[in-house]
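# Results of the structural survey
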Amino acid sequence: MFLTENDILGIRNVLNIFYSDIAIRRPIADLSVQAGMSSSKFKQAFKFYTGNPVFAFQQGYRMNMAYDLLVYSRSPVNKIAILIGFVHLTHFNHAFLERFLISPYRLRKSL
């Protein structure tokens, strides 16, 4: 796949959206508009540029942010879950455990 300069700028714009508001999940259709391309082209271009599909990239970024917050802050686990966009603590716990093979509570307790 070949990405034009405008494609790269569009993807970077979407990445900045992810980084500026980690808690909000946006539909592919909205993100593709922000990137200035069709949904199908956006999904392909995003994966080519980042190495991950859109949802996997966003989820990975959110989980990495949660990990850092658990290690470097004293914020309660439930507040961290909400901060990164999880409504249900059980969903956050499951996603965190799946990514890091340790629960957020065990990680926090091990520090």
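Our structure is the block above this text.
A separate point is the nonpolar core. Within the largest apolar cluster, 14 residues are counted, with the highest numbers of intra-cluster contacts made by Met63, Ile84, Phe86, Phe92 and Phe96. The set of elements that each furnish at least two residues to this core consists of α4 (54-72), α5 (77-83) and α6 (89-100). With four residues, the single largest contributor to this core is α4. In contact with Met63, not counting residues within four places along its chain, are Ile84, Phe86, Phe92, Ala95, Phe96, Arg99 and Phe100. Grouped together as the second largest cluster of nonpolar side chains are 13 residues, Phe18, Met37, Val54 and Phe57 included.

Any pair of aromatic rings gets described here by the distance separating the centres and the angle formed by the planes. A full pass over the atoms with the stated rule returns ten aromatic pairs. An angle of 50 degrees between the planes, with centres 5.8 Å apart, marks the rings of Phe92 and Phe96 as tilted. You can see Phe92 and its partner Phe96 sitting in helix α6, four residues apart, about one turn around the helix. Among the aromatic residues, ring-to-ring pairing joins Tyr67, Phe86, Phe92, Phe96 and Phe100 into one connected group.

Each value, and the rule that gives it
- Residues numbered from 1 in each chain as written.
- Predicted model: local features only at pLDDT ≥ 70, side-chain atom pairs only at ≥ 80, totals over all residues.
- Heavy atoms only, no water.
- Core = buried A, V, L, I, M, F, W, Y, C linked by side-chain atoms within 4.5 Å.
- Buried < 20%, exposed > 50% of the residue type's maximum accessible area, 1.4 Å probe, protein only.
- Helix = DSSP H or I, 4+ residues; strand = E, 2+ residues; numbered from the N terminus.
- Contact = heavy atoms within 4.5 Å.
- Phe/Tyr/Trp six-rings, centres within 6.5 Å; stacked < 30°, edge-to-face > 60°.

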